[in-house]
Amino acid sequence: MKLGIVGLPNVGKSTLFNSLTKAGAESANYPFCTIDPNVGVVAVPDERLKLLGDLYHSRKVTPAVIEFVDIAGLVKGASKGEGLGNQFLSNIREVDAIVHVVRCFEDANVIHVDGSVDPLRDIETINLELIFSDLEVLERRISKVSKTARMDKTYAKELELLLKLKEHLESGKPAKTLEAQDEDELALLKEINLLTSKPVIYAANVGEEDLPDDGASNPGVAKVRELAEKEHSEVFVICAQIEQEISELDEEEKGLFLEELGLAQSGLQKLIQASYRILGLMSFLTAGEDETRAWTIKIGTKAPQAAGKIHSDFERGFIKAEVVNYKDLLEQGSLAAAREKGLVGIEGKDYVVKDGDVILFRFNV
């Protein structure tokens, strides 16, 4: 999973990236501090892995990972080359979802490029730049397809969709709100890979005082939540500065610090949960002496395709899957004991994998 962290300059974007990845991206109080996209890979916290690793005395425990890309601050006119312009926009095309950091705190010491704090205005600024960039991509494609459609009528349907999409974007709406009429249209919309077709997670960056009630008393957060609900986007409240402090502590200190702040979980945990929800993802597990590992798949994935995440041969030669819920396995103390209690299922090609399944695949190639 690859998430792009975006936002206007000085909204706390690079501070958040640093705290998430400890990658040390430069963070300073002036626009365009982030010139090259910084990339950090973060392990997905999963207590099930440690418990299973201990049970099997695994030599290696491998969590699922998320790749974060910190993308340069965007300003009005970026799609026309202002600020860092299209450098920003080309970097974002490669991500699965966008984490849009929105400033919801007042601080006279941290300048705002537009002179005041207004979350909805800031969101609109970035959304419009993404729409303008998508329109440029579409216009080039329309020009190309129009010529081809004159000679080959099979391209007529694609041209019709492109024109409909152009009109939709010109009305100020993102591509993801255009409903596909059939599977062909859906496939084409995915192939075009427009910026505004990507899922969005809003990170409402607040001051420390707004953390205990999860931003409930912050009017800016309320506006972001209202917008996110309309868009079917995710939103979570974070204090980037506090996250940076948390990132410098060891595990035990983190727990105590969060407790002191009255928080049940860190911003990273909230972000991971939001990204899994919006992308429709979950994890199944494999466990043994060599390695215990989490594998990220789409919700609804069947056993052979899940096996293919491990190795293409597993999918190609799939015979069956031995499946046990991780809780049952831990309670029984071994796969053999779980089998004796009838807790291990022998599943075929139509089995839909569930979150927390521990699976042993049988295959023959």
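Let me sum up the structure you'll find in this document. Only a predicted model underlies this, so the values are computations on that prediction, with no experimental measurement involved. (Residues numbered from 1 in each chain as written. Predicted model: local features only at pLDDT ≥ 70, side-chain atom pairs only at ≥ 80, totals over all residues. Heavy atoms only, no water.)

Considerations on the sheet that holds strand β2 (residues 38-43)
No. 1: Spatially, six strands are ordered β2-β4-β1-β5-β6-β7 in an open sheet, and the strand pairing comes out mixed. The open sheet has two edge strands, β2 and β7 (234-238), and neither has a second partner. Here the average twist between neighbouring strands, direction ignored, is 25°.
No. 2: Both strand β5 (residues 97-103) and strand β6 (residues 200-205) contribute to a ladder of six bridges, which runs parallel. Bridge pairing links R103 to N205 in β6.
No. 3: In this fold helix α4 (residues 119-151) packs onto β5 and β6, with an angle of close to 145° to the strand it touches most, β5. (Pairing = 2+ DSSP bridges. Helix = DSSP H or I, 4+ residues; strand = E, 2+ residues; numbered from the N terminus. Axes fitted to C-alpha atoms, helices over the stretch in contact; angles between N-to-C directions. Contact = heavy atoms within 4.5 Å.)

Details of helix α7 (residues 219-231)
No. 1: With 13 residues, α7 extends 19 Å between its outermost C-alpha atoms, agreeing within 8% with the 18 Å of an ideal straight helix rising 1.5 Å per residue.
No. 2: Buried residues of α7: G220, V221, V224 and A228, and no others. Seen from one end, α7 has its buried residues packed into an arc of 95°, which puts them on one side. Relative to its buried face, α7 has exposed residues pointing more than 90 degrees away, namely P219, E229 and K230.
No. 3: Close packing links the buried residues of α7 with β5, α4, β6 and β7.
No. 4: H232 sits one or two positions beyond α7 and adopts a positive phi of about 60°. (Expected span 1.5 Å × (residues − 1). Buried < 20%, exposed > 50% of the residue type's maximum accessible area, 1.4 Å probe, protein only. Arc of directions from axis to C-beta.)

Some words on helix α5 (residues 156-170)
Within an α-helix, residues lying three or four positions from one another point in the same direction, as the helix has 3.6 residues per turn.
No. 1: Here α5 contains 15 residues, and its C-alpha end-to-end distance of 21 Å stays within 8% of the 21 Å for a straight helix at 1.5 Å per residue.
No. 2: Listing the buried residues of α5 in full gives E158, L159, L161, L162, L165, H168 and L169.
No. 3: At its buried positions, α5 is contacted by α4 and α6 (183-192).
No. 4: The positive-phi residue at the C-terminal boundary of α5 is G172, with phi of around 90°.

What to know about unusual backbone geometry
No. 1: One non-glycine residue, H57, lies in positive phi territory at about 50°.
No. 2: For H57, the position within the fold is in the loop between α2 (47-56) and β3 (60-62).

Some remarks on the pairing of β7
No. 1: Burial analysis of β7 places four of its five residues in the buried class, the great majority of the element.
No. 2: With five bridges connecting them, β6 and β7 associate as parallel partners. Within β7, the residue paired with A203 across the bridge is F236.
No. 3: A crossover connection joins β6 to the parallel β7 through α7; in handedness this β-α-β unit is right-handed. (Right-handed = clockwise from strand over helix to strand, strands pointing away.)

What to know about the pattern of salt bridges
No. 1: Within the structure shown, the criterion is met by 23 salt bridges.
No. 2: Across the pair K157 and D184 runs a salt bridge whose closest N-O atoms are separated by 3.9 Å. With K157 in helix α5 and D184 in helix α6, this pair connects stretches of sequence that are 27 residues apart.
No. 3: A residue is classified by how much of its surface remains accessible, and K157, at 37% relative accessible area, is partly exposed.
No. 4: Counted as one network, the salt bridges with shared partners bring together K2, E67 and E94. (Salt bridge = Lys/Arg side-chain N within 4 Å of Asp/Glu carboxyl O.)

Considering the packing of aromatic side chains
No. 1: On inspection of all chains with the given rule, the structure shows four aromatic pairs.
No. 2: On the basis of an interplanar angle of 15° and a centroid distance of 6.5 Å, the ring pair of F284 and W295 is categorised as stacked. With a gap of eleven residues between them, F284 in strand β8 (residues 281-286) and W295 in strand β9 (residues 291-298) connect regions that are remote in the sequence. Taken as a pair, F284 and W295 share a single burial class, namely buried.
No. 3: Within the aromatic cluster, the residues linked to one another by ring pairs are F284, W295, F318 and F361.
No. 4: Geometry around F105 places R103 over its ring, the cationic atom sitting 4.5 Å from the centre. (Phe/Tyr/Trp six-rings, centres within 6.5 Å; stacked < 30°, edge-to-face > 60°. Lys NZ or Arg CZ within 6 Å of the ring centre and 35° of its normal.)

What to know about the environment of P9
No. 1: Structurally, P9 is set in the loop between β1 (2-6) and α1 (13-21).
No. 2: P9 sits 94 residues away from R103 along the chain, and the two C-alpha atoms are 10.0 Å apart.

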